[in-house]
Amino acid sequence: MGKGQGPESSILAMCSPEEEALLQLEEVFSSTLARINSLVLQPLLTAEPSDPQGRECLRLLQQLHRSSQQLWEVTEESLHSLRRRLCHQDSVGLESLLLLCGADRVLRVHVEYIEAYTSCVVVQAFQKAAKKRSEYWRGQRKALRQLLSGVSSEASVGTTLVQALRQPLAHHVQQYVLLLLSLGDTVGERHPTRELVVHAATLFGNLESFMRQALDQATATQALWHALSSRLRDVLCTPARRLLQDSQDIPVTVTPLRAERVLLFDDALVLLQGHSVHTFDLKLVWVDPGQDGCTFDLLTPEEEVSFCSKDPQGRMVWQWKVTQAVCQALRGKKDFPMLGAGLESPEPPTCRCVAYTFRAEGRLCQATYEGEWCRGRPHGKGTLKWPDGRNHVGNFCQGLEHGFGIRLVPQASEDKFDCYKCHWWEGSMCGYGICEYSTDEVYKGYFQAGLRHGFGVLESPPQAPQPCKYTGHWERGQKSGYGIEEDGDRGERYIGMWQADQRHGPGVMVTQAGVCYQGTFQADKMVGPGILLSEDDSLYEGTFTRDLTLVGKGKVTFPNGFTLEGSFGSGPGGGLHTQGLLDTAALPPEPSGTRKRQLGVGAFPAESRWQGVYGPFRDFVRAGCPGDLQEALLGFHVQNSRDLRKSQEYLCCERTQPEDRAGRMEDVLDELLQHREPRALRQCLRKALSNSLHPLGKLLRTLMLTFQATYAGIGANKHLQALAQEEVKQHARELWAAYRGLLQVALQRKGQAPEEDEDTETRDVQVHGLVLPLILPSFYSELFTLYLLLHEREDGLYSQGIAHLSLFPDTKLLEFLDVQKHLWPLKDLTLTTNQRLSLVRDKCFLSATECLQKIITTVDPREKLEVLERTYGEIEATVSRVLGQEHKLPMDDLLPLLIYVVSRARIQHLGAEIHLIRDMMDPVHTGGLYDFLLTALESCYEHIQKEDMRLHRFPGRGDSRRPW
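Analysis parameters
- Residues numbered from 1 in each chain as written.
- Predicted model: local features only at pLDDT ≥ 70, side-chain atom pairs only at ≥ 80, totals over all residues.
- Heavy atoms only, no water.
- Helix = DSSP H or I, 4+ residues; strand = E, 2+ residues; numbered from the N terminus.
- Expected span 1.5 Å × (residues − 1).
- Polar contact = N/O pair within 3.5 Å; in protein donor to acceptor, adjacent residues only side chain to side chain.
- Salt bridge = Lys/Arg side-chain N within 4 Å of Asp/Glu carboxyl O.
- Buried < 20%, exposed > 50% of the residue type's maximum accessible area, 1.4 Å probe, protein only.
- Axes fitted to C-alpha atoms, helices over the stretch in contact; angles between N-to-C directions.
- Parallel < 35°, antiparallel > 145°, perpendicular 65-115°, else oblique.
- Left-handed = near helix turned anticlockwise from the far one by under 90°.
- Contact = heavy atoms within 4.5 Å.
- Nonpolar A, V, L, I, M, F, W, Y, C, P; charged D, E, K, R; others polar.
- Pairing = 2+ DSSP bridges.
- Phe/Tyr/Trp six-rings, centres within 6.5 Å; stacked < 30°, edge-to-face > 60°.
- Lys NZ or Arg CZ within 6 Å of the ring centre and 35° of its normal.
- Core = buried A, V, L, I, M, F, W, Y, C linked by side-chain atoms within 4.5 Å.
- Patch = residues over 30% accessible without salt bridge, like charges linked within 9 Å, V, L, I, M, F, W, Y side chains within 5 Å.
- Areas by Shrake-Rupley, 256 points an atom, 1.4 Å probe, with all protein chains shown as cover.

In the annotation of an unreviewed UniProt entry, the entry for the protein chain reads VPS9 domain-containing protein, and the organism field reads Felis catus.

### As for helix H26 (residues 861-883)
End to end, H26 covers 33 Å across 23 residues, agreeing with the expected 33 Å (1.5 Å per residue, within 8%). For H26, the N-terminal cap is Asp860; the gap from its side-chain oxygen to the backbone nitrogen of Arg862 is 3.0 Å. One or two residues past the end of H26 sits Gly884, with phi positive at roughly 75°.

### Describing the pattern of salt bridges
Evaluated as defined, the whole model comprises 39 salt bridges. Taking the shortest distance from any N to any O, the salt bridge between Arg105 and Glu77 comes out at 2.7 Å. Of the two residues, Arg105 is situated in helix H5 (residues 103-122) and Glu77 in helix H3 (residues 52-87); the sequence distance between them amounts to 28 residues. Exposure remark for Arg105: the relative accessible area of 37% places this residue in the partly exposed category.

### Let's talk about the packing of helix H10 (residues 167-187) against helix H11 (residues 194-227)
Here H10 crosses H11 at 155°, and the two axes come no closer than 9 Å. Accordingly, the angle class assigned to the pair H10 and H11 is roughly antiparallel. Here H10 runs over H11; the crossing is left-handed. Taken together, the residues of H11 that come into contact with H10 (itself represented by Leu169, Ala170, Val173, Gln174, Tyr176, Val177, Leu180, Leu181, Leu183, Gly184, Asp185 and Val187) are Arg194, Val197, Ala200, Ala201, Phe204, Gly205, Leu207, Glu208 and Met211. Its residues assigned to classes, the contact of H10 with H11 comprises 15 nonpolar, 3 polar and 3 charged.

### Concerning unusual backbone geometry
Here the residue pair Thr255 and Pro256 is connected by a cis peptide bond, since its omega of 0° sits within 30 degrees of zero. Its place among the elements puts Pro256 in the loop between strand E2 (252-255) and strand E3 (261-265). Look at the link from Phe336 to Pro337: it is a cis peptide, with omega at 5°. Located in the positive-phi region is Gln398, a residue other than glycine, with phi close to 50°. The residue Gln398 is located in the loop between strand E12 (391-397) and strand E13 (400-410) in this model.

### Some points on the sheet that holds strand E7 (residues 295-299)
Strand order in the open sheet formed by 4 strands is E2-E8-E7-E6, with antiparallel pairing between adjacent strands. At either margin of the open sheet sits one strand with a lone partner, and together these are E2 and strand E6 (286-289). Taking the axes of each pair of neighbouring strands and ignoring which way they run, one obtains an average angle of 25° across the sheet. Across the sheet, helix H13 (residues 312-331) lies against E2, E6, E7 and strand E8 (304-309), angled at about 25° from E7, the strand it touches most.

### Things to note about the pairing of strand E15 (residues 428-436)
As paired strands, strand E14 (residues 417-425) and E15 are joined by 6 bridges and run antiparallel to one another. Each bridged residue has a counterpart across the sheet, and for Trp425 the counterpart in E15 is Ser428. Linking E14 back to E15 in an antiparallel pair, the connection comprises 2 residues, with Glu426 at a positive phi of about 50°. Two elements, E15 and strand E16 (residues 442-448), share 6 bridges in a ladder whose sense is antiparallel.

### Details of the pairing of E2
Residues Val252 and Val254 of E2 are buried on one face, while the alternating residues Thr253 and Thr255, pointing to the opposite face, are not. Pairing analysis gives 4 bridges linking E2 to E8, with the strands arranged antiparallel. Looking at E8, one finds that Thr253 is bridged to Cys308.

### A word on the packing of aromatic side chains
Scanning all chains against the criterion turns up 31 aromatic pairs. Judged by centre distance (5.9 Å) and plane angle (65°), the rings of Phe845 and Tyr900 are edge-to-face. On the criterion of sequence distance, the pair formed by Phe845 in the loop between helix H24 (810-816) and helix H25 (846-853) and Tyr900 in helix H27 (residues 891-905) is long-range, its members being 55 residues apart. The buried category is assigned to Phe845, whose relative accessible area is 1%. For Tyr900, a relative accessible area of 0% corresponds to the buried category. Grouped by ring-pair contacts, the aromatic residues Tyr443, Phe447, Tyr470, Trp474, Tyr494, Trp498 and Phe521 constitute a single cluster. The ring of Phe265 has Arg241 lying over it, and the distance from NZ or CZ to the ring centre is 5.2 Å. One Lys or Arg, Arg503, reaches over the ring of Tyr494 and ends 5.5 Å from the middle of that ring.

### Things to note about the sheet that holds strand E1 (residues 243-246)
Spatially, the 4 strands line up as an open sheet ordered E1-E3-E4-E5, and their pairing is antiparallel. If you trace the sheet from one side to the other, it starts and ends with E1 and strand E5 (276-281), each paired once. For this sheet the average axis-to-axis angle between neighbouring strands, irrespective of direction, equals 20°. Relative to E3, E1 is paired through 3 bridges, and the arrangement is antiparallel. Pairing of Gln245 across the sheet is with Leu264, part of E3.

### Focus: helix H20 (residues 695-711)
Over its 17 residues, H20 runs 25 Å from end to end, which matches the ideal 24 Å to within 8%, given 1.5 Å per residue. Taken across its 17 residues, H20 has 14 buried, putting it largely inside the fold. Downstream of H20 by one or two residues, Gly713 has phi in the positive range, about 65°.

### So, the nonpolar core
Of all hydrophobic cores here, the largest spans 78 residues; its most connected members are Leu44, Leu64, Tyr117, Phe126, Leu161 and Leu165. Considering each element in turn, this core owes the most residues, 13 residues, to H11. Apart from the residues within four sequence positions on either side, Leu44 is in contact with Leu61, Phe126, Ala129, Trp137 and Leu161.

### Digging into the side chain of Glu734
Here Glu734 is to be found in helix H21 (residues 721-749). A polar contact of 3.0 Å, which involves the side chain of Glu734, links it to the side chain of Arg618. Setting aside residues up to four positions removed in sequence, Glu734 forms contacts with Gln611, Tyr614 and Arg618.

### Notes on a nonpolar patch on the surface
Taken together, Met891, Leu929 and Phe932 make up a surface patch of nonpolar side chains, about 250 Å² in accessible area. Within the secondary structure, Phe932 is located in helix H29 (residues 929-945).

### Brief notes about the environment of Lys729
Among the secondary structure elements, Lys729 is positioned in helix H21. Each C-alpha atom, one on Lys729 and one on Leu776, is 9.2 Å from the other, the two residues being 47 residues apart in sequence. Leaving out residues up to four positions away in the same chain, Lys729 has contacts with Val767, His768, Asp919 and Met920.

### Digging into the packing of H26 against H27
H27 packs onto H26 with a crossing angle of 110° between their chain directions and a minimal axis gap of 11 Å. As far as their axial angle goes, H27 and H26 are roughly perpendicular. At the point where H26 passes H27, the crossing takes the right-handed sense. Counting all contacts with H26, which are made through Thr871, Tyr872, Ile875 and Val879, the residues of H27 involved are Leu894, Leu897, Leu898 and Val901.

Shown next as structure tokens:
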């Protein structure tokens, strides 16, 4: 022994007696396994059974043979490691032994052999196989007994085979434990391999216990199968199933179900009553402690049963064994070394993921649920499939569909389904959803109690026999309330009230030909008095038939002012027959009387039209803005076709976790708190409204959808301009109220005092000054089209006037407009060679002209007014530069100069622009500079329309008819 080496270190260089004993043990066991293989297993596999039971026994014996072969191979490997250690004691350490470094692997091979062996014991595979070759086995009896000790010579062949395949292994494992314990004592406490030795000794000690329990369970199970009737045995017997507890050993009664006998297996709980068998999958059994010392309850998907024993001890045994059996079943492998041992938690988890097919009558009869459970009920994410092809994927709560889910319902036609992508509440659709029907119709909107209820859009495909689209309110599955229906086949759009799927109440009908009707509808037909506006601006006031034919007393006002009053009816050949008085002396009607007559105003108050859109948002705010209800109340929206494809994948696959949505909602509310100053608030609202995932952005997109459904396409009719204008303003008020609601929730969550209620004046300032300019671009296209149509005639005259005025050179136009010559900016005119001053065009007041042209580059009324203010400033700046001093223009001088600038700016549809600005500008500017400048622009617009402008005639300065 070298210097500095202790007695324990020296063991590394020599082999202990225990290692030599292990070597001998492995040699003997390897030889025994080889003999068992040739003497027992190989002959058992020679039979070729024809019956199902025989084939099952053969399969089990083949599995046992494979396990025996693996056991022999690992024994040989262990033997090799021992020999190498003995031959190279100086270089090979104790830790190289397979029994130490690979103890877990060796253990696993032993466990697999034990499980294969006990499965054969359970179904008496050895006895059945021995009967097939009884003569052969009687001849091998002596050889078999040489493998065994303590076996009676009178024992049957089957018993001998059972012992031959078990006893050598049991002796071998016992010797493992003794030698490993002794080796642990030899190496001492501080030896580097001490932990490996102790670990291996513990494992094989546990293996002894596992083997005894496995054999006891197999023997008890085999005895049970022998005792049961063949009918019950055929139903219950499987090779892998083990009996854990029998009510014949510890009596127990079950209520409300009746059971003569209760059997607890390692995978199921079985109640026997006569020939009937009631089986409960242990993975779907929850144990509830009872109210007294002798009772406990079991919860299952379709039953709740109580177990009652004679005494508390019996109850404890049954409750403990059921609990541990459930844990073992959920883990999917046997507890090691004993039932209930080695578990991190002695209690099974409350939430599990299992598949189950319901048997009891009801809506789930024969349906299979696969997913998450809690206390006997589907709870969490899962899939529910019915035999008729119905399929539901989504969230469940206490056994009912609850939360987002997708339901497929097959239809009679092949490969056709109704697909519901909806939010559910306690088993029925409730909240926002998208439904794609087998008819190719699509509904996007809200549900309640499984029926369309609230706001929704139902649209048929363009190729349908009668293409139709309804955008509006529903009640209990029927169109009810305010709604828009477009009949693509007839080219008509109805705007108005509904009841029980029929047009009922005040309504407006607009046709593709430009004809408009307004009146009262009943049972889908117009009744009583109403009005009709034709495309040529003729107006009929009177009564109609149900198919909108003029009938009875009425009055027609023609565009030229003539009126026809009398009785109307159908004439010969389907024409119109009238009898009445034609008045040709009447004055032409005011524009607002016929041509600009507005429909729907007063019949449908703006604040009540889209309550089905505003309502869910208010509910969301009242609920405190919970993230998990955001989609159910506000819907899910997409912006373009690419996002739509992503959205469809999102809807059909894994949903965002509720806590993630809640986190995003928290961020939204925090941002509102951080941006309450005017400038920051404007940017915050701009960002929110442009984001389709933000609550305010979602609300705005839904309102855009309703606006387009009403006023785009067929609805682009000049008689609806006032209806659209007041609707946009109402949307601005509702969006401001929505923001205020979110802000109050944010303050409440932070424990801060809520803001005081606004007065009407303060609210209107924010609505018109802040919100309306932000949302107007979203509605501008449809709204401005209505203004174009309404002012088409005036804009046509204005365009003619501009065309005539554009023929003038600058100086001629200034002279024609009677602009005082000392105000002419002749310094701005740069002449080229041979160019005369009188021929220069589009050079005077150029900066003001270019400035005014920018009025069409924005949709914000305030920004348009600011452009007008800068234009006025440019005109005054030019005049001041010409005069060499600051000069304020009086109205007499300003108006002709402004007419000049307007004529040179050549802005199209200026009348529509002016009226839109006037209608949408902030009331705070009324009577101020902006109002004055807009009035001046209106005056210019009107003067340019006048006939003397279009005919190149203009009164002189001294003429009393001078318009300004």
